[in-house]
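So you can see what is in the structure, the chains are spelled out below.
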Amino acid sequence: MFRNFRAVAIAATISLIVTIFGAGPSGARAEIPAAQPIVMAATSAAPLAADEPRFVAEAIVQPLPTSYGTADQAGSLAQMVNAMPDTELTGDMLCLAQAIYFESRGEPLDGQLAVGQVVVNRAHSSQYPSDYCSVVTQPSQFSFVHHGAIPHPNLQSAAWVRAKAVAQIAHQDLWDSAAKDALYFHATYVRPSWARRKVELAQIDTHIFYR
């Protein structure tokens, strides 16, 4: 009797062990494979195969190409003028731009720069006042000045935008002018007596420049 009870108990224990640890169609323990990250190819929406090289694409920031984005990249005076910032000018720079505008706005850009160069050169010369406004308003020097007053340009015109750009170029000495050393100029349709005593440097359109 005791032996039968013991046999039944052993059988029940073995059955319980088999139920707990022996589940499944095979003797191998079932495992869930770990999730693998899918790396997308840079040129395809399909995931890479397991035996293909994997890489992580990163954004590459490159500067955008510029066409004459800065003045020192310009290949011509026109390109440099276009590259100059359109800023409001005050004080001496305003007087310089006004001189360029009123004396030469109908001239080619190199002629406008030459006029600006004369104003800059005079301000640097001991023969003239040391600031642009005083140079421009000096009596009997520039015909557009009346009683020491400079008229107002058309601030909305393309000619004024160009004059401001040329003034910055002349002031910063960013471009070599044919009239680089000039202190004087006059229109080709006049023959002032002082011109015979000066050294002619260049004629640009309707202006002749001297030192």
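Rules of the game
Residues numbered from 1 in each chain as written. Predicted model: local features only at pLDDT ≥ 70, side-chain atom pairs only at ≥ 80, totals over all residues. Heavy atoms only, no water. Helix = DSSP H or I, 4+ residues; strand = E, 2+ residues; numbered from the N terminus. Contact = heavy atoms within 4.5 Å. Areas by Shrake-Rupley, 256 points an atom, 1.4 Å probe, with all protein chains shown as cover. Salt bridge = Lys/Arg side-chain N within 4 Å of Asp/Glu carboxyl O. Buried < 20%, exposed > 50% of the residue type's maximum accessible area, 1.4 Å probe, protein only. Expected span 1.5 Å × (residues − 1). Axes fitted to C-alpha atoms, helices over the stretch in contact; angles between N-to-C directions. Parallel < 35°, antiparallel > 145°, perpendicular 65-115°, else oblique. Left-handed = near helix turned anticlockwise from the far one by under 90°. Nonpolar A, V, L, I, M, F, W, Y, C, P; charged D, E, K, R; others polar. Core = buried A, V, L, I, M, F, W, Y, C linked by side-chain atoms within 4.5 Å. Pairing = 2+ DSSP bridges. Disulfide = S-S within 2.5 Å.

Asker: If you had to explain the overall build of the chain to someone new, which residues and values would you point to?
Answerer: In terms of regular secondary structure, the chain is built from 6 helices and 3 strands. Once local pairs closer than 6 in sequence are excluded, the contacts in the chain between residues at least 24 apart make up 58%. When the accessible surface of the chain is totalled, it reaches about 14300 Å², and 57% of it is carbon and sulfur.

Asker: Explain the pattern of salt bridges to me, and be specific about the residues and the numbers.
Answerer: Here the idea is simple: oppositely charged side chains can pair when their charged atoms come close. Counted under the stated rule, the structure contains 4 salt bridges. In this structure, the salt-bridge partner of Asp-86 is Lys-164, at a minimum N-O distance of 2.7 Å. Placement of Asp-86 in the loop between helix H2 (77-83) and helix H3 (91-104) and of Lys-164 in helix H6 (residues 158-172) is noted, with a sequence separation of 78 residues between them. Here Asp-173 makes a salt bridge to Lys-180, at a shortest N to O gap of 2.9 Å. With relative accessibility at 30%, the residue Lys-180 sits in the partly exposed group.

Asker: Any chance you could break down H6 for me, citing the residues and the numbers?
Answerer: In a regular helix each residue adds 1.5 Å, so 15 residues correspond to 21 Å; H6 covers 21 Å between its end C-alpha atoms and thus fits that length. Within the sequence span of H6, burial applies to Ala-159, Trp-160, Ala-163, Lys-164, Ala-165, Val-166, Ala-167, Gln-168, Ile-169 and Ala-170. Tucked inside the fold, the buried residues of H6 contact H2, H3 and helix H4 (109-124). Count one or two residues on from H6 and you reach Asp-173, which has phi positive near 55°.

Asker: Give a detailed account of the packing of H3 against H4, specifying residues and quantitative values.
Answerer: Between H3 and H4, whose axes approach to 9 Å, the crossing angle comes to 135°. In terms of axis orientation, H3 runs oblique to H4. Seen from above, H3 lies across H4 with right-handed handedness. Between H3 and H4, the residues in contact are Leu-96, Ala-99, Ile-100, Glu-103 and Ser-104 and Gly-111, Gln-112, Val-115, Gly-116, Val-119 and Val-120, respectively. Broken down by class, the residue content of the contact of H3 with H4 amounts to 6 nonpolar, 4 polar and 1 charged.

Asker: Break down the nonpolar core for me, citing the residues and quoting the values.
Answerer: Counting residues in each nonpolar core, the largest one holds 48 residues, and the members touching the most others are Leu-96, Val-119 and Phe-209. Counting only elements with at least two residues in this core, the list comes to H2, H3, H4, helix H5 (132-137), H6, strand E1 (184-187), strand E2 (200-204) and strand E3 (207-210). Residues in contact with Leu-96, not counting those within four places in the same chain, are Gly-116, Val-119, Val-120, Tyr-132, Ala-167 and His-171.

Asker: How would you explain the environment of Val-145 if you had to name every residue and give the values?
Answerer: Note that Val-145 resides in the loop between H5 and H6. Dropping the residues within four chain positions of it, Val-145 is found in contact with Val-136, Thr-137 and Ile-150.

Asker: Please give an account of the sheet that holds E2 that cites residues and values.
Answerer: Ordered by their spatial adjacency, 3 strands build an open sheet running E1-E3-E2, and the pairing between neighbours is antiparallel. Every other strand in the sheet has two partners, leaving E1 and E2 as the edge strands with one partner each. On average, each strand axis in the sheet is inclined to that of its neighbour by 20°, with strand direction left out of account. Two strands pair when backbone bridges link them, and E2 and E3 are joined in this way by 4 bridges, in the antiparallel orientation. Opposite Glu-200, over in E3, you have Tyr-210 as the bridge partner. Its contacts with the sheet put H4 on E1, E2 and E3, and the angle it makes with E3 is roughly 35°.

Asker: How would you explain the state of the cysteines if you had to name every residue and give the values?
Answerer: Within the structure shown, the criterion is met by 1 disulfide. For Cys-95, the disulfide goes to Cys-133, at an S-S distance of 2.0 Å. Torsion about the S-S bond of the Cys-95 and Cys-133 cystine: about 90°, corresponding to right-handed handedness. On the criterion of sequence distance, the pair formed by Cys-95 in helix H3 and Cys-133 in helix H5 is long-range, its members being 38 residues apart. Like Cys-133, Cys-95 is buried.

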